[in-house]
Each structure stands twice: as C-alpha cells, then as structure tokens.
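Results of the structural survey
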Amino acid sequence: MSEARFDPVFLHRKHFIDQITCLDEIFDVLDEWPEDKRGLAYDTLLKACRDTANGRFPLSAARENFRRFLKMSGVLEGGPKFDRVLSDQNIGNA
C-alpha cells in the first residue's frame, strides 16, 4: 500500500480525537468499524480504498469519501455528535 500522506481528517472516538493521514489509517478505522453499523456506504468506501491501494482510484477521492462517511456517521470532528459531546462537557466549572 501507498505511504502517501494527505491533509488530516479528524475522527471523534470515545475519549479522544484521532487524526487520519494515510490510506493505511483509513483501513484501520474501517477494520474497527462495528459490524452492526456497516452498510452500503461502508462497503462502497471499502471498495474505493481497495481501488486506491491498487492504483485505480485517486487518494484524494478516497480521503474525501472517508470524510463524507465520517460526517454521515456523526463522528467527523465538527459534526453534530462531536459538537454535542463538546457542549456536554462542563469545562472550568466543577
């Protein structure tokens, strides 16, 4: 697989933000994705990433599809789930 890096995509996980910067890291996220949350969008993204790894799909397009997938799933930094998590935190006032 290519070691080419791209501008980071930030993924909100349980207690931290994960920075994804290459195709291998996208594959890691997809491997860890809950099986009950996989569907057509997941399958389409996985195929696009496999095609990218084989040189048949541009890395920039795979990155954008991954970003859209995270946004649709509500775990892209800045998405609704991320904003809700931040607003639920009581910072500075214990």
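As the structure is a computational prediction, the values presented were derived from the model and not from experiment.

1. Quick look at the packing of aromatic side chains
Under the counting rule described, the total for this entry stands at two aromatic pairs. On the basis of an interplanar angle of 55° and a centroid distance of 4.9 Å, the ring pair of Trp33 and Phe69 is categorised as tilted. In this pair, Trp33 sits in the loop between helix H1 (23-32) and helix H2 (40-53) while Phe69 sits in helix H3 (residues 59-73), placing the two residues 36 residues apart along the sequence. Both residues of the pair, Trp33 and Phe69, belong to the buried class.

2. Section: the pairing of strand S1 (residues 5-12)
Bridge analysis of S1 against strand S2 (residues 17-22) gives five bridges, and the strand direction is antiparallel. If you follow His12 over to S2, its bridge partner there is Ile17. Between S1 and the antiparallel strand that follows it, S2, lie four residues.

3. A look at the confidence of the model for the protein chain
Overall, the prediction assigns the protein chain a mean pLDDT of 84, with 81% of residues at 70 or greater. The weakest mean pLDDT in the protein chain belongs to helix H4 (residues 80-88) at 43; the strongest belongs to H2 at 97.

4. Observations concerning the packing of H1 against H3
For the pair H1 and H3, the least separation of the axes is 11 Å and the interaxial angle reads 30°. Handedness of the crossing formed by H1 with H3: left-handed. Note on element contacts: H3 touches H1 through Leu59, Ala62, Phe66 and Phe69, opposite Leu23, Ile26, Val29 and Leu30. For the contact of H1 with H3, a count of residues per class yields eight nonpolar, no polar and no charged.

5. Brief notes about the nonpolar core
Ile26, Leu30, Trp33, Cys49, Phe66, Phe69 and Leu70 are the most contacted members of the largest nonpolar core, which totals 19 residues. Listed by contribution, the elements that provide at least two residues to this core are S1, H1, H2 and H3. The dominant element in this core, judged by the number of residues it contributes, is H1, at five residues.

6. A few points about the pattern of salt bridges
Summed over all chains, the structure comprises seven salt bridges. With its nearest N and O atoms 2.9 Å apart, the salt bridge here joins Lys47 to Asp51. Separated by four residues within a single helix, Lys47 and Asp51 lie in helix H2, roughly one turn from each other. Here Arg67 and Glu64 are joined by a salt bridge, their closest N and O atoms 2.7 Å apart. Separated by three residues within a single helix, Arg67 and Glu64 lie in helix H3, roughly one turn from each other.

Thresholds, definitions, all that
- Residues numbered from 1 in each chain as written.
- Predicted model: local features only at pLDDT ≥ 70, side-chain atom pairs only at ≥ 80, totals over all residues.
- Heavy atoms only, no water.
- Phe/Tyr/Trp six-rings, centres within 6.5 Å; stacked < 30°, edge-to-face > 60°.
- Helix = DSSP H or I, 4+ residues; strand = E, 2+ residues; numbered from the N terminus.
- Buried < 20%, exposed > 50% of the residue type's maximum accessible area, 1.4 Å probe, protein only.
- Pairing = 2+ DSSP bridges.
- pLDDT = per-residue confidence, 0-100.
- Axes fitted to C-alpha atoms, helices over the stretch in contact; angles between N-to-C directions.
- Left-handed = near helix turned anticlockwise from the far one by under 90°.
- Contact = heavy atoms within 4.5 Å.
- Nonpolar A, V, L, I, M, F, W, Y, C, P; charged D, E, K, R; others polar.
- Core = buried A, V, L, I, M, F, W, Y, C linked by side-chain atoms within 4.5 Å.
- Salt bridge = Lys/Arg side-chain N within 4 Å of Asp/Glu carboxyl O.

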